[in-house]
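# Structure at a glance
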Amino acid sequence: MANRQLWNDDILREIFAHLAPATFPFTKDDRPSLAALACCARASKTLYEPASDVLWREIDSVVILSVLSPAVLKKEDKHFTTFVSSGPLPDAVCARFRNYAHRVRRLVHRAERTRVQPTVLDGLYAYAGGEPLLPNVKAVFWCQRTPPDVLEILPVVSTSLRELCIAEIGVHGNLVPASGAQVSTGFAFSRFIRGLSTVAPWLETLTLSGNIHSSSIICVSELKKLKALSIINFAHHGFGAGYLPVLRSCAALSHLREFGINLTIDEASLADTLRASTEELDLDFAGFHSLRALRVHGSLALVRRFLSHVSSTELASFGAFVPRPDRLEDYRHCLETLSTRFASTLRTVRLSGSWTGTMASLASPLDILRPLLHLSQLEEVCLISGTGVAVTFTVADVLTFAKAWPNMQELKVLYQAVPAALPIDALSAFAAHCPRLHTLWLASVDLRGAASRKLADCPESRHALKRLWLVGDMTAADVGQIARFVDRMFPCVDSRPVELPWHPSQDVEGWKRMLTSLREVKAARLVQPLI
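As the structure is a prediction and not an experimental result, all values here were calculated from the model. (Residues numbered from 1 in each chain as written. Predicted model: local features only at pLDDT ≥ 70, side-chain atom pairs only at ≥ 80, totals over all residues. Heavy atoms only, no water.)

### Some words on the overall build of the chain
Of the regular secondary structure elements, the chain holds 16 helices and 17 strands. Relative to its 531 residues, the chain shows a buried fraction of 51%. The contacts of the chain with a sequence gap of at least 6 include a subset with a gap of at least 24, amounting to 78%. (Helix = DSSP H or I, 4+ residues; strand = E, 2+ residues; numbered from the N terminus. Buried < 20%, exposed > 50% of the residue type's maximum accessible area, 1.4 Å probe, protein only. Contact = heavy atoms within 4.5 Å.)

Written out as structure tokens, the structure is:
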């Protein structure tokens, strides 16, 4: 009985997990939690292992592991800090590094702020006999300083890596030669992608963000097991004509389930790119056979052309951000393509952008969304525009939407309504026909006119809607009457203030007053005696 284990390590890890900081990367406020874990690790041999596992499972810089020796010196510059080696690393230091490194599961490293000289990592790598420096790391978030920095990721990660995010690509240095010529496979980022396919063959999630040249990532198809890929390109001209090779490479990923890409092209080259690519696209571009979620940033004409060559029979979610005002016809055509190609699987549609038009020929939200009306299985529809101007919803429009989407869970339609003339009690159609609806954001409700509506004529409901936002000017509105209508139709609405996105038609203080009135109405209802 002398060797009886007094504590179960799994229970101890669960206890220490509650001491761990709730945020990551860590902030100054998290220092007491980290210090408490360190104290527990030093308290006894029994507590050392489980406390150390929790303390080191997430680190917010590779520097933390690299400065365990007096042989590693810190050199501060105006813009960043570099850690350099002043000599060989003692075996005892390398062993200590390995002891902590195998516990790391998640790493954030901002190479543009703090950089470890390659010789330091080389010394640790040599001591490990060529084994990965972080053999059990599952997620890495890396902000690079220069293009070659990404190559420093390769000796750090192993086959356990499942998620990788690289930010600020090309921000501090060009990814392509000044001439703009096609780069060879030996170029830094291309070499990195190919090396990554060897050292982390089971990588599932990859996010690339920065000024990305198409030639540097056309080999992304070598990451065979990718399930989620996001390419966020901030380059002024986007990928230009090079977007086709990028899309073909991504299309070859047979396991890809989620895909996000910025297809923005400058106006001068957009028409030429579309004309030049039409024949090539029609001939041989098809893929994304397993895609379930797609997010695209760019012109709707380009997005629609891309959609027509997605072969997935499982696409359930589509989102598009339109950076410049686009034609209303292109909105409809895009939704027509979606509803025709993916009618049996589509559950979520999100569009954010604006459309062209004048006050003399206002768009109708019903006309924009009409192609989706026959998709009764839709669960989320979002059309948000800060600058898009359209006519108001009518009672008939609301009834049409409510009857068309009985499975709707989240409906957000925000724009600048001219005029805002929808009677507030028209929202009762959602209570009657959309039993699963939990979020409703709507423009065009006549908030000022609520005072003239008869509350008794509004059907009472027990609908479980939780989140409601009616955008509009509430300066002269009767917020008490609005609250009574809301409580009558949607008695479960959360009346606590929440952070809402900016919209030109919003009235932040007015909505807060309405929520305050709603809390009072709810309190009064709850104390009424049952009849």
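Text resumes after the structure shown.
### So, the environment of A417
Following the sequence through the fold, A417 ends up in strand β15 (residues 410-417). Under the relative-accessibility criterion, A417 is labelled partly exposed at 22%. In this structure the C-alpha to C-alpha distance between A417 and V445, which are 28 residues apart in sequence, comes to 8.8 Å. Once residues within four sequence positions are removed from consideration, A417 is found in contact with A390, T392 and S444.

### What about helix α3 (residues 45-56)?
For α3, built from 12 residues, the straight-helix expectation of 16 Å at 1.5 Å per residue is met to within 8% by its first-to-last C-alpha distance of 17 Å. Within α3 the residues assigned to the buried category are L47, P50, A51, S52, D53, V54, L55 and W56. (Expected span 1.5 Å × (residues − 1).)

### Description of the environment of S311
Position of S311 among the secondary structure elements: in the loop between α10 (300-307) and β12 (317-321). C-alpha of S311 to C-alpha of A286: the two residues are 25 residues apart in sequence and 6.3 Å apart in space. Ignoring anything within four residues of it in the chain, the contact list for S311 reads A286, G287, F288, H289 and R341.

### Some points on the nonpolar core
Of all hydrophobic cores here, the largest spans 150 residues; its most connected members are L164, F192, L229, F259, F318, W405 and F430. By size, the runner-up hydrophobic cluster in this structure holds six residues, among which are F24, A139, F141 and C165. (Core = buried A, V, L, I, M, F, W, Y, C linked by side-chain atoms within 4.5 Å.)

### As for the confidence of the model for the chain
Looking at the chain as a whole, the pLDDT averages 84, with 84% of positions reaching at least 70. This model gives residues 173-186 a pLDDT under 50, and the stretch forms 27 contacts once residues within four places in sequence are excluded. Residue range residues 277-283 is modelled with pLDDT below 50. Its contacts to residues more than four positions away, or to other chains, number 12 contacts. (pLDDT = per-residue confidence, 0-100.)

### Remarks on the packing of helix α2 (residues 31-43) against α3
Packing of α2 against α3 brings their axes to within 7 Å, and their N-to-C directions diverge by 155°. Judged on the interaxial angle alone, α3 and α2 are roughly antiparallel. Along this stretch, α2 crosses α3, giving a crossing that reads as left-handed. On α3, the residues that touch L34, L37, A38, C40, A41 and A43 of α2 are L47, Y48, A51, S52, V54 and L55. (Axes fitted to C-alpha atoms, helices over the stretch in contact; angles between N-to-C directions. Parallel < 35°, antiparallel > 145°, perpendicular 65-115°, else oblique. Left-handed = near helix turned anticlockwise from the far one by under 90°.)

### Looking at the pairing of strand β14 (residues 380-390)
Sheet topology places strand β13 (residues 348-352) next to β14; five bridges connect them, and they run parallel. Paired with R350 across the bridge in β14 is C382. In this sheet, β15 lies alongside β14 in parallel orientation, the contact comprising seven bridges. From the neighbouring strand, I384 faces β15, where its bridge partner is L414. In this fold, the crossover linking β14 to β15 by way of helix α13 (residues 395-404) has right-handed handedness. (Pairing = 2+ DSSP bridges. Right-handed = clockwise from strand over helix to strand, strands pointing away.)

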